[in-house]
Structures are given as C-alpha cells and as structure tokens.
Amino acid sequence: MQEELKQILVEGLQEAGAAATSQELSAVRLKYFGKKGLITQYSRRLGMLSPEERPRFGKIINEVRQELEEYLTTREQELLALEEQRKLESERLDVELPGRRPRRGHPHPLQLIIQEITTTFLGMGFSVAEGPEVELDYYNFEALNIPPEHPAREMHDSLYITDKILLRTHTSPVQVRTMEKVCPQPVRIIVPGRVYRRDALDATHSPIFHQIEGLLVDKHITFSDLKGILTVFVQKFFGEDRTVRLRPSFFPFTEPSTEVDVSCGCQGRGCRICKNTGWLEILGAGSVHPKVLAMANYDPELYSGFAFGMGVERIAMLRYGITDIRHFYENDLRFLSQFS
Ligand code: FA5
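Residues numbered from 1 in each chain as written. Predicted model: local features only at pLDDT ≥ 70, side-chain atom pairs only at ≥ 80, totals over all residues. Heavy atoms only, no water.

**Some details on the overall build of the protein**
At step 1: When its secondary structure is counted, the protein shows 11 helices and nine strands.
At step 2: The C-alpha atoms of the protein give a radius of gyration of 44 Å, which is well past the 20 Å a tight globule of 340 residues would have.
At step 3: The dimensions of the protein, computed from C-alpha atoms along their principal axes, are 140 × 50 × 35 Å.
At step 4: Looking at the protein as a whole, 40% of its 340 residues are labelled buried.
At step 5: Counting only contacts in the protein whose residues sit at least 6 apart along the sequence, the fraction spanning at least 24 positions is 67%.
At step 6: As displayed, the protein offers around 19,700 Å² of accessible surface, 52% of which is attributable to carbon and sulfur atoms.
At step 7: Averaging the locations of the 42 positively and 47 negatively charged side chains of the protein gives two centres separated by 3 Å. (Helix = DSSP H or I, 4+ residues; strand = E, 2+ residues; numbered from the N terminus. Rg over C-alpha atoms; globule rule 2.2 N^0.38 Å. Buried < 20%, exposed > 50% of the residue type's maximum accessible area, 1.4 Å probe, protein only. Contact = heavy atoms within 4.5 Å. Areas by Shrake-Rupley, 256 points an atom, 1.4 Å probe, with all protein chains shown as cover. Lys, Arg positive; Asp, Glu negative; His and termini not counted. Charge placed at Lys NZ, Arg CZ, Asp CG, Glu CD.)

What follows is the structure, given as structure tokens:
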C-alpha cells in the first residue's frame, strides 16, 4: 500500500506538472481528490485497517495528500499568472498604430460641372432659380407656346402623372414661373436641375438627366447680347481659343431660335470627338418669343430677352472625353474617384 501511494504521488506530480492550463489542472485535482479520487479512496480504506496499522498509513496518506496538494496550489498560481499575462498581451492597445482614416467623399462629376457653369454665370450677374421637378402641363408646355399637337406632349415622349401633371421634360418651365414672380423687374437667372424624358438609356441618352437653363429679360436686349454672353461662357469653360457658331433652329418658345456650337479642341483639323466636323453642339437658345413674354405679363413691345438650355451630361462628356453617359449613373468608384 505504501508503494502504491508513492507511485500515485509520482504520477500526480507529473500530471500536475504537465497540465498546460488551469482547466487541465482542475481535472488533475479531481482525479486525485474528487469524491471518487485516487487519494480519497485510500483515505476511505483507512477504516478497514487494524488499529495498529492505521496511524502509520494515516501518516503516509497525509504526507502524500499534503505534498500533492501543495504542488497543485503552486502550479495553479503559476498557470493563472501565465493565463493573465497572455490575456493582457492579446488585449494590448498599441497607441502608435496608425488610425484608419474615414474615406472622404467628393462632389459627383455632374455636380462639379453644374458648380463651374453656375459660378461663371454668377460672375456675369445671373442668379440661381429653381422650380419643381413634378410640373404642371401648363408651365412645361402651354406657357412656353408649345401647341397641343407638339410631339413632346405625347405620352410616349413624356412621363405623365395625371393628364395635367408630368415630370418636367426641360428646365424651361422655370422661365415663366420666375417671370410671373418678378414682373415687371428685369430677369437674369440660370436654372440648374434634373429633367425627365421617356428616352431609352443608351450611350448618349438617359431618361433622367440634367439641364442648365438661362434667361435674361430686360429692355433693349438683342440677339448679339446672347452671342456675347455665350462666347464669354464658352471661353471660360472650354478655353480662350474657342469660338461660338450659331445655326438656325426651332423652339416654340424662342424666335428666332438657334443651335449653338463650340469649336472643337482639334482646331478644325477634325477628330473623333467632333466626328471630323470641327464643331461640337452644346446648347439650344434664342430670343424669348413675344407670346411667352406676354404669357408672363411682360409687354413684348417694351421688353425683350434671350434664353438658352444646355444638357449637363453632354457638356461633361465633352469636357472630360467620356464616351458613355451611363458612367455617370453607375456609382463605380473607379470612375468617380477620378474626379476627386
Ligand atoms: C430643350 O430642352 C430646350 N428647353 C432648350 C432651350 C432652352 C432652347 C431655352 C431654347 C431656349 P432639347 O430638347 O434640345 O432642348 O434639349 C437640350 C439638351 O438636353 C440637348 O442639347 C442635350 O444636350 C440634352 N438632352 C436631351 N435629351 C437628353 C437625354 N435623353 N439624355 C441626356 N441629355 C439629353
């Protein structure tokens, strides 16, 4: 029995020494001192021994128990200290690590173009006006002298909400809305905004796009004022070496009407961008039709003016050499981050 106990002690000490975690050590403790533990069983057997043998074996069992218990306690402290240290290391805060910078946003390329054009016109004494995107048929068409049979009024060209309400197809309705408000004061506004048409999405068309409208109404305003203002704009926006060309056109709300082209950066040599014509179409314009002035209560005998409207996407495409309008709407950061 004495030999057996010594053997148990050796094994117990070995197992406690080999335990790598406090949890493993608890298992060793249980194996020797638990209810059915190896040393507990020996203590129970003491009662079965003769009164002469009992003190001797009692002493040996106590010595074994004491030695193993002491070692288990020491080992437990070692393991707990080690575990605490590991935990501290794993949770250590390195205050010198560089922080994670939040990604900064930047304006969308279309907003950059709108801002730049707006700034140019603010410098020429224009102010910014706005109007609703959900518009009355009256302002979108009727007040602009667009007759009932005009194709733009067809359901297949415009997005109607009711018979009399639609998503505006251009920024021109803000012309009459503004004139009504300020009449008989002179008007000098630009109107950046979103417009909607029943157009299929392709490389140069989108059903939602942006326009910038311009309107100047005062006494003695002539067509040459229009050409002068547009030339200043074109040279600021595209470069001092550019010139403007006016081509006769038709809009129901301007008379006479014109398409405005800017000379291409290839200086007339011909390139892919201008399709070898040397000119790029940038906007529609004209003198405000007397009927439109009258509709907004201005006396056409006294007042005259000009208006123009440009497509922001098309201008941005010319400016940045972008060949597909869809890039503007796809939210691809590889595209957008080039404008930061
Ligand atoms: C107009 O919308 C007139 N309101 C412009 C105007 C204003 C003329 C004031 C005279 C006086 P138009 O339908 O041509 O005109 O459109 C103007 C510009 O919008 C076009 O030159 C083109 O650049 C752009 N545009 C037209 N449809 C689309 C489309 N589906 N996607 C992108 N841009 C478009």
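**Considerations on the packing of aromatic side chains**
At step 1: Inspection of every chain in the model, using the stated rule, returns 12 aromatic pairs.
At step 2: Taking 5.9 Å as the distance between ring centres and 75° as the angle between the ring planes, the aromatic pair formed by Phe328 and Phe335 counts as edge-to-face.
At step 3: Accessibility expressed as a relative area gives 2% for Phe328, which makes it buried.
At step 4: Judged by its relative accessible area of 10%, Phe335 is buried.
At step 5: Taken together, Phe121, Phe126, Phe233, Phe237, Phe238 and Phe308 form an aromatic cluster joined through their ring pairs.
At step 6: Looking at Arg45, its charged tip hangs above the ring of Tyr42, at a distance of 4.6 Å from the centre.
At step 7: In this structure, Arg56 is placed above the aromatic ring of Phe57, and the distance from its NZ or CZ to the ring centre is 4.8 Å. (Phe/Tyr/Trp six-rings, centres within 6.5 Å; stacked < 30°, edge-to-face > 60°. Lys NZ or Arg CZ within 6 Å of the ring centre and 35° of its normal.)

**Concerning the side chain of Ser263**
At step 1: Within the secondary structure, Ser263 sits in strand S7 (residues 254-263).
At step 2: Residue classification places Ser263 among the buried positions, given a relative accessible area of 10%.
At step 3: Among the polar contacts made by the side chain of Ser263, one reaches the main-chain amide nitrogen of Thr243 at a distance of 2.9 Å.
At step 4: Filtering out sequence-adjacent residues up to four positions away, Ser263 remains in contact with Asp241, Arg242, Thr243, Gly278 and Trp279. (Polar contact = N/O pair within 3.5 Å; in protein donor to acceptor, adjacent residues only side chain to side chain.)

**Observations concerning the environment of Ile282**
At step 1: The topology assignment puts Ile282 in strand S8 (residues 279-288).
At step 2: For Ile282, a relative accessible area of 7% corresponds to the buried category.
At step 3: For the pair formed by Ile282 and Tyr298, sequence separation is 16 residues and the distance between their alpha carbons is 29 Å.
At step 4: Beyond its immediate stretch of four places on either side in the chain, Ile282 contacts Phe233, Val234, Phe238, Val260, Asp261, Val262, Met310, Gly311, Ile315 and Leu318.

**Examining helix H3 (residues 38-45)**
At step 1: Within H3, the full set of buried residues consists of Ile39, Thr40 and Tyr42. Down the axis of H3, the buried side of the element spans an arc of 160°, and every buried residue falls inside it. (Arc of directions from axis to C-beta.)

**Some words on the nonpolar core**
At step 1: By size, the foremost hydrophobic cluster in this structure holds 41 residues, and its most contacted members are Ile117, Phe121, Phe233, Ile282, Phe308 and Met310.
At step 2: Sorting elements by how many residues they give to this core places helix H8 (residues 223-237) first, with six residues.
At step 3: Among the nonpolar cores identified, the runner-up in size contains 24 residues, and Leu144, Ile146, Tyr160 and Leu215 belong to it. (Core = buried A, V, L, I, M, F, W, Y, C linked by side-chain atoms within 4.5 Å.)

**Some thoughts on the pairing of strand S6 (residues 244-251)**
At step 1: Bridging between S6 and S7 involves seven bridges; their strand directions are antiparallel. Along S7, the bridge assignment pairs Leu246 with Val260.
At step 2: Here S6 hands over to S7 after two residues, the two strands then running antiparallel side by side. (Pairing = 2+ DSSP bridges.)

**Let's talk about the pattern of salt bridges**
At step 1: Evaluation of the coordinates by the stated rule reveals 12 salt bridges.
At step 2: One salt bridge in this structure joins Arg247 and Asp261, with 2.7 Å as the shortest N-O distance. You can see Arg247 sitting in strand S6 and its partner Asp261 sitting in strand S7, a full 14 residues away along the chain.
At step 3: Note on Asp261: relative accessible area 2%, which makes it buried. (Salt bridge = Lys/Arg side-chain N within 4 Å of Asp/Glu carboxyl O.)

**Observations regarding the sheet that holds S6**
At step 1: Spatial strand order, S1-S4-S5-S9-S8-S7-S6: seven strands in an open sheet with mixed pairing. This sheet does not close on itself; its edge strands, each paired only once, are strand S1 (127-128) and S6.
At step 2: Here S8 runs beside strand S9 (residues 303-311); their pairing, made up of five bridges, is antiparallel. Residue pairing across strands places Leu283 opposite Met310, the latter belonging to S9.
At step 3: On top of the sheet, H8 reaches S6, S7, S8 and S9; it is set at about 145° to S8, its chief contact. (Axes fitted to C-alpha atoms, helices over the stretch in contact; angles between N-to-C directions.)

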